[in-house]
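# Structural characterization, general
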Amino acid sequence: ISYPSLVGEFLASGFGIVGFSWICSPACTELEVVVMDWLAKFLQLPEHFLHENDGPGGGVLQGSASEAVLVAVLAAREQAVRRERECRPELSESEIRGKLIAYSSDQSNSCIEKAGVLAAMPIKLLPAGEDLVLRGATLKEEIEKDVAAGLIPVICIATLGTTGTCAYDDIESLASICEQHQVWLHVDAAYAGGAFALDECAELRRGLDRVDSLNFNLHKFMLVNFDCAAMWIRDANKVVDSFNVDRIYLKHKHEGQTQIPDFRHWQIPLGRRFRALKVWITFRTLGAEGLRAHMRKHIDLAIQFEKAVKADKRFELVAPRALGLVCFRAKGDNEITAQLLQRL
């Protein structure tokens, strides 16, 4: 959290905007388009995620990673249903929906499993390797088994920076399998995504040019207060087509006259908060280099703490340090670590 972000939050609350469409508040929508392109460039994301480029991609501010993942799961589900109805007209829609299946790692965040519950679509949590990384070979084996059983693979949610140890799934090998089977690939980078902006962490960006959507939380690593989760979609038309519901009271005379999106089609609720303002003020006040310095400070502190743990014979690391996360335990029975956690 930072004071520029709080200033933006205060102002946005005072304006009382419910910016579900451009006509509700042109500034709310247009500033979000600008801010999402700033963020994409700051994080060095593929150009097809920018609004300013020709093509169907773009970014949007959701409330949390949970919302972003659910949007991806629902959009992928509806696209799969439409595709299967065209390819297999002998099946009813209910029969198709009963065959849908999705995938993620057993190290993924609980919000992914919850998205499957809300979408009424089972999500298989596949076993990660000994290094806690999910790879394409595991996904390939499961998809081929499910296809042989008559199921329809829909989406794989990979994680860059798992909740438990900040492990990074192998995006490139997962992308190869998803491309073969027309499976949507979403990347949940809720915590680690901020590090895309650091040249020394460039390895984390490998394979992002092949994913269909991704999200990261500005309220985790970017000095922006909760709630503020950035989401980029390679083909936003797939989300809009899945969520579009038009009523007479939502129409306005400027529809179709501007390339600016109506973000109500990109999210679960109709109304939306003016989150872009606090992001814009934070960027304008702290600057890109200020934000990078903040992230590097967190990483440096973690390196210092990791050295302290290694130098103390009472403790041991249980996973390699990743960014600002150090996973350690007290040697001996787990009860000792449990007591330490309770005291902390």
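Numbering of residues starts from 1 in each chain and follows the order in which that chain's sequence is written. Side-chain atom pairs in this predicted model are given and counted only at pLDDT of 80 or more, local residue features only at pLDDT of at least 70, and totals for whole chains, interfaces and linings cover all residues. The side-chain numbers reported here are obtained from all heavy atoms of the structure, hydrogens and water having been left aside.

Per an unreviewed UniProt entry, the protein chain goes by the name Alpha methyldopa hypersensitive and belongs to Drosophila mimica. UniProt positions are given in the numbering used here, feature names are shortened, and annotations may be inferred rather than shown by experiment. The protein chain has a UniProt comment under Cofactor (unreviewed entry) that states "pyridoxal 5'-phosphate". For the record of the protein chain, the UniProt heading Sequence similarities (unreviewed entry) holds the text "Belongs to the group II decarboxylase family."

In this description a helix means any DSSP run of H or I spanning at least four residues, a strand means any run of E spanning at least two, and both kinds are numbered starting from the N terminus. The helix and strand tally for the protein chain stands at 11 helices and nine strands. Put simply, the radius of gyration uses C-alpha atoms, and a globule should come to 2.2 Å times the residue count raised to 0.38. The C-alpha atoms of the protein chain give a radius of gyration of 21 Å, which matches the 20 Å a tight globule of 344 residues would have. Referenced to the eigenvectors of the C-alpha coordinate spread, the extents of the protein chain come out at roughly 70 × 55 × 35 Å. Type-normalised accessible area, obtained with a 1.4 Å probe on protein chains alone, sets the label of each residue: buried when under 20%, exposed when over 50%, and partly exposed for intermediate values. Among the 344 residues that make up the protein chain, the fraction classed as buried is 52%. Two residues form a contact once any of their heavy atoms are found within 4.5 Å. Residue pairs at least 24 apart in sequence account for 68% of intrachain contacts in the protein chain once pairs closer than 6 positions are excluded. Values of accessible area rely on a 1.4 Å probe in the Shrake-Rupley scheme; residue burial ignores everything except the protein chains shown. Just so you have it, the protein chain exposes about 16,300 Å², and 53% of that area is on carbon and sulfur atoms. Placing the 39 positive and 45 negative side-chain charges of the protein chain at their respective mean positions leaves the two points 4 Å apart. Charged-residue counts in this description rest on Lys and Arg as positive and Asp and Glu as negative, His and the chain ends being excluded. The atom standing in for a charge is NZ when the residue is Lys, CZ when it is Arg, CG when it is Asp and CD when it is Glu.

Here we take up the state of the cysteines. Sulfur atoms of two cysteines make up a disulfide when they are within 2.5 Å. Per the stated rule, a full pass over the model turns up zero disulfides. Unpaired in terms of disulfides, Cys111 finds its nearest cysteine sulfur in Cys156, a separation of 14 Å.

This paragraph deals with helix α1 (residues 3–15). Residue pairs three or four apart in sequence face the same way in an α-helix, which turns once every 3.6 residues. Here the expected length of a helix is defined as 1.5 Å per residue gap, with one fewer gap than residues. For α1, with 13 residues, the first-to-last C-alpha span of 18 Å sits near the 18 Å given by 1.5 Å per residue. For α1, the set of buried residues is Pro4, Ser5, Gly8, Glu9 and Ala12. One face of α1 carries all of its buried residues, which in axial projection span an arc of 140 degrees. Opposite its buried face, α1 presents the exposed residues Tyr3, Phe10, Ser13 and Gly14, each directed more than 90 degrees away. If you follow the buried residues of α1, they end up packed against α10 (276–311). The arc under discussion is defined with respect to the helix axis, by the directions toward the C-beta atoms.

We now examine the pattern of salt bridges. Salt bridges are identified by distance alone: a Lys or Arg side-chain nitrogen within 4 Å of an Asp or Glu carboxyl oxygen. Evaluation of the coordinates by the stated rule reveals 25 salt bridges. Glu9 is paired through a salt bridge with Lys278; the nearest N and O atoms lie 2.9 Å apart. Here the residue Glu9 occupies a position in helix α1, and Lys278 occupies one in helix α10, the gap between them amounting to 269 residues. Given the relative accessible area of 12%, Glu9 is considered buried. When its relative accessible area of 1% is taken as the criterion, Lys278 is described as buried. Of the charged contacts, one joins Asp227 and Arg273 as a salt bridge, the two residues approaching to 2.5 Å between their closest N and O atoms. With Asp227 in the loop between α8 (218–221) and β7 (229–233) and Arg273 in the loop between α9 (236–243) and α10, this residue pair connects regions lying 46 residues apart in the sequence. We classify Asp227 as buried; its relative accessible area is 14%. Judged by its relative accessible area of 34%, Arg273 falls in the partly exposed class. Taken together, the shared-partner salt bridges connect Glu9, Asp227, Arg273, Arg275 and Lys278 into one network.

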